[in-house]
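Here are the chains, one letter per residue:
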Amino acid sequence: MTFSTIVRKNFLYNAKKYLSLYFVNSLTVAILFMFGSLLYNPEVLMQVGDTTLYGIVRFALVGVVLFSFVFITYSNLSFLKYRSKEFGMYITLGMTTKNLIKMLFLENVGIFAVSLASGLVTGGVFGKLFFMGLNQILISKPISFELNGSSLLLSSGIFLIVFSGNFIFNILYLRKISIVDVLQAAKKKEIGKSSVVMGSLAMIVFAASVLLLPQLMLGKLFDEATLIIIILIVLTMVTPYVIFGTLISVVKSVMKHFKKIYNNNLIVMSNLSHRFLSYKTTMYIVSLLMAGALFFIGMTYAMYATTDENNDRDHPFDVMFVESNRFNQMDDGEIESILTKQGSTVEQNETLEILQIPEFRNYGGSWVLWDTHAAIISEGNYNRHMGTSYSLSPSQALFARVHQENREYAVPDNVLAVMDPELISEELREKGSKDDLLRALEGYPVTEYKSGSIKVVSEPYINSVQTANSYFGHALVVDDMKYEKIKAAVEESQVIKAHLVKGDIREAGFQALVQALRERNGFDSSYWNSTQQQEYLTDDERTPLEALRPIYKDEQLKNQLESNGTIFFIIIFLGSLFAIDSGVVLYHKVLSDIDDHKDSLLSLKRIGVTRKEIIVIVSKELAVTFFLPSIFGVGLGLYYFNVLFSNQNLVGQLVEKAALVASLFLVLQVVFYFVSRKKYVSELGKYL
């Protein structure tokens, strides 16, 4: 029999074994190609530009590249271990290391070529579907799918580098092993000692870290605890490795107190105890992969699914625009008339006067410029607008903000300076002491408020938006007399009015209002056609004028749906890779573990254990391997998700949405379990 005949027969005989490796490589190429087609799509570059969203796409691509390296490398290592006995047989028959390398080279070239070709085709097909799905979210500007050379080079180049690196590792592996090593590889068992005390201690540390971390994040224990937070995060990430390594021993010691349960699972626990070292690594990896998958997908899905609720929170009024001393001058009666003529119903139509002056705050002993256009509202105007009855003394203030947060927030000592924001010097923009600040503000009227004299409230008094070149969403409410004193000293341009309208505002009514204000300002038809102000950031003259465009709640909802939907659609692939990777890791564990498990099961058969009972034992062991890390990983992912959004008042709804994703992951893991169990039992059936 010639060498080529051996290679061909070996490949055909082990065709099923190569399928998983082929699937891994083909999937990697497809994912790389799809992300490349998005990253280098000219319409994406034109519409998104060098923004945060495009940065997310690039970040996701980095994640995919890292995933590709880990995914292929792990699959390759598992496949090598699975074939160790086969290599030993070839060496026994007289094949040299050079022959084995040549055989591996031919196999790898074949797998590389087929995987690359099918991966590119699959990436092209699913890339088209990907863009079709993406365009269901992008309401205003759909993006067409386009094949380009850059995405082809990206996917092929990265795959070639990773694949070549793994082949070099294969060569080094074959050159270092001996015939004794490969023949005994399948016989060696990873037996180790585990400490019940160490495992119990790790569980206590993990539980304590899990309980303390949210409290620190919300500032309920310490004000400044960044280092402690980092330590707790590390502990929640590291201790599971120790827990998985000792969990079997801890459970076994506990189960001894329940004789019936312990006796019914004696063989299962014994087998797991003897192989816990290999299991702990696999379980730990899978749990982190599942946690990462849930965190990525759950976070972006929850953000997308709660877009409407977040939009309602940020926009308590359906229409808002800012009137200055030069632009957008229109009274409430005229506004209501324009809207109602187009079929809109106005329930509330108010004007809120706001002063805009620089505000400085004390952070850790250093005074900094907090806002050049801090919003100041009089106590009387705020009470009339919100129907409240706050009574402030001249030394007191109210810090009103739209966003509701779970963390307690205290406004530090601040200084209001009655000056034109355009006159702020570089000296005032730098950190310094209070004496330095007051010295720099000499000649300007200032008003000071102590931290304890400022009450923080969260109320929907205005829309939380960026418009008229200022952020609206929080303001300082001050005593009426002090307000009038400040107003008398500021420039006319620093006194603005926020027009706030609530009701059933139709698109036609809003457009009519936009057109009326456009004509009133003397703007031509090229102005205010886009809600995306960043399109004009390079035009110094046009930018402040475009920023005066009225804010429409429904428009903002569409923009947020597109933005969150696009991010969700992109990140879902990154999260899916983690989920798929966890399944493949477990599948390869099952595949490479068959020979190790064969002898122990044959021993059970010799002492009278029936085939049916052996299958039950195998099923329980696989169930522990699959579902323990899956449930732990899903729980860890939900926990981190909850910690991340713990400061938001919508955290309950967000976690609920993420829990739906977690349920889907567990269902998929059940499918992986039954597929792997069928494969495992089928292979063992040859010996039973």
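Fair warning: this is a prediction, and the values are worked out from it, not measured in the lab.

Peer 1: Just to check I follow, could you spell out the overall build of the protein for this structure?
Peer 2: Of the regular secondary structure elements, the protein holds 24 helices and twelve strands. Expressed as a percentage of the 688 residues in the protein, the buried residues total 50%. Long-range contacts, defined here as pairs at least 24 residues apart, represent 82% of the contacts in the protein between residues at least 6 apart. Only carbon and sulfur atoms are counted for the fraction: they give 61% of the accessible area of the protein, which is about 32,600 Å².

Peer 1: Whenever I open this one, the packing of aromatic side chains confuses me. Can you help?
Peer 2: The description of an aromatic ring pair uses the distance of the two centres, along with the angle that the planes make with each other. Following the criterion strictly, the structure yields 15 aromatic pairs and no others. Relative to Y284, the ring of Y241 lies with its centre 5.2 Å away and its plane at 80°, an arrangement referred to as edge-to-face. In this pair, Y241 sits in helix α10 (residues 226–255) while Y284 sits in helix α13 (residues 276–305), placing the two residues 43 residues apart along the sequence. Given a relative accessible area of 33%, Y241 falls into the partly exposed group. Residue classification places Y284 among the buried residues on the basis of a relative accessible area of 17%. For the ring pair Y639 and Y640, a centre distance of 5.5 Å and an interplane angle of 65° mean the geometry is edge-to-face. Aromatic ring contacts, followed pair by pair, group F327, F523, Y527 and W528 into a single cluster. In this arrangement the basic side chain of R361 is found over the ring face of F399, its NZ or CZ atom lying 5.1 Å from the centre.

Peer 1: What's the story with the packing of helix α15 (residues 332–341) against helix α20 (residues 507–521) in this structure? I'm lost.
Peer 2: For any two helices packed against each other, the geometry comes down to the angle between their axes and how far apart the axes lie. At a closest axis distance of 8 Å, the pairing of α15 and α20 adopts a crossing angle of 135°. By the angle between their directions, the pair α15 and α20 is classed as oblique. Between α15 and α20 the crossing geometry is right-handed. Here E334, I335, I338 and L339 of α15 come into contact with α20, specifically with G509, F510, A512, L513, A516 and R520. Its residues assigned to classes, the contact of α15 with α20 comprises seven nonpolar, one polar and two charged.

Peer 1: I tried to follow a nonpolar patch on the surface on my own but got confused; where do I start?
Peer 2: Together, I230, I233, V234, M237 and V238 make up an exposed nonpolar region whose accessible area comes to about 380 Å². Structurally, I233 can be placed in helix α10.

Peer 1: Honestly, the pattern of salt bridges in this entry has me stumped. Any pointers?
Peer 2: Oppositely charged side chains can form a pair if their charged atoms are brought close together. Taken as a whole, this structure holds ten salt bridges when the rule is applied. In this structure, the salt-bridge partner of K487 is E353, at a minimum N-O distance of 3.1 Å. In this pair, K487 is assigned in helix α19 (residues 480–489) and E353 in strand β2 (residues 345–363), connecting sequence segments 134 residues apart.

Peer 1: What exactly am I supposed to notice about the pairing of β2 here?
Peer 2: Remark: a regular strand shows side chains that alternate across the two faces of the sheet. Pairing of β2 with strand β11 (residues 495–504) involves ten bridges; the strand directions are antiparallel. Across the sheet, residue Q348 finds its bridge partner in β11, namely K502. As defined by bridge partners, β2 adjoins strand β3 (residues 366–378) across eight bridges and the pair is classed as antiparallel. Of the residues in β3, the one forming a bridge with R361 is V368.

Peer 1: Sorry, what's going on with the packing of helix α9 (residues 196–217) against α10 here?
Peer 2: Here α9 crosses α10 at 145°, and the two axes come no closer than 7 Å. Where α9 crosses over α10, the two elements pack in a sense that is left-handed. Of the residues contributing to the contact of α9 with α10, the split by class is 21 nonpolar, eight polar and no charged.

Peer 1: Hey, could you run me through the pairing of strand β10 (residues 474–478) in this one?
Peer 2: Taking burial as the measure, the five residues of β10 include five buried ones, the bulk of the element. Both faces of β10 are covered, namely the face carrying H474, L476 and V478 and the face carrying A475 and V477. Bridge count for β3 against β10 is three bridges, and the pairing is parallel. Looking across to β10, one finds that I377 is bridged to V477. In this structure, strand β4 (residues 397–401) lies alongside β10, joined through five bridges in antiparallel fashion. Pairing of L398 across the sheet is with V477, part of β10.

Peer 1: Mind showing me how you'd approach the confidence of the model for the protein here?
Peer 2: For any part of a model where pLDDT is low, the fine detail of the predicted coordinates should not be relied upon. Scored by pLDDT, the protein has a mean of 80; 79% of the residues are at 70 or more. In the predicted structure, residues 186–192 sits below a pLDDT of 50 and forms 15 contacts with residues beyond four places in sequence or in another chain. Between residues 533–538, whose pLDDT stays under 50, and residues either more than four places distant or in other chains, the model counts twelve contacts.

Peer 1: I'm lost on unusual backbone geometry in this one. Help?
Peer 2: Peptide bonds are mostly trans, and most non-glycine residues show a negative phi. The phi dihedral of N328 is positive, around 55°, even though this residue is not glycine. Examined against the element boundaries, N328 turns out to sit in the loop between β1 (319–323) and α15.

Peer 1: Hey, could you run me through helix α14 (residues 307–314) in this one?
Peer 2: Because an α-helix completes one turn every 3.6 residues, residues spaced three or four positions apart along the sequence face the same direction. Residues of α14 that are buried: T307, N310, N311, R313 and D314. An end-on view of α14 places all buried positions within 160° of arc, on one side of the element.

Peer 1: What should I look at first to understand the environment of G245 in this one?
Peer 2: Relative to the helices and strands, G245 is located in helix α10. Taking the C-alpha atoms as reference points, G245 and T281, 36 residues apart in sequence, are found 7.8 Å from one another.

Peer 1: Is there a simple way to explain the side chain of S287 in this structure?
Peer 2: Residue placement: S287 occurs in helix α13. Given the relative accessible area of 0%, S287 is considered buried. If we skip the residues at most four places from it in the chain, S287 touches F244, P629, F632 and G633.

Parameters and conventions
- Residues numbered from 1 in each chain as written.
- Predicted model: local features only at pLDDT ≥ 70, side-chain atom pairs only at ≥ 80, totals over all residues.
- Heavy atoms only, no water.
- Helix = DSSP H or I, 4+ residues; strand = E, 2+ residues; numbered from the N terminus.
- Buried < 20%, exposed > 50% of the residue type's maximum accessible area, 1.4 Å probe, protein only.
- Contact = heavy atoms within 4.5 Å.
- Areas by Shrake-Rupley, 256 points an atom, 1.4 Å probe, with all protein chains shown as cover.
- Phe/Tyr/Trp six-rings, centres within 6.5 Å; stacked < 30°, edge-to-face > 60°.
- Lys NZ or Arg CZ within 6 Å of the ring centre and 35° of its normal.
- Axes fitted to C-alpha atoms, helices over the stretch in contact; angles between N-to-C directions.
- Parallel < 35°, antiparallel > 145°, perpendicular 65-115°, else oblique.
- Left-handed = near helix turned anticlockwise from the far one by under 90°.
- Nonpolar A, V, L, I, M, F, W, Y, C, P; charged D, E, K, R; others polar.
- Patch = residues over 30% accessible without salt bridge, like charges linked within 9 Å, V, L, I, M, F, W, Y side chains within 5 Å.
- Salt bridge = Lys/Arg side-chain N within 4 Å of Asp/Glu carboxyl O.
- Pairing = 2+ DSSP bridges.
- pLDDT = per-residue confidence, 0-100.
- Arc of directions from axis to C-beta.

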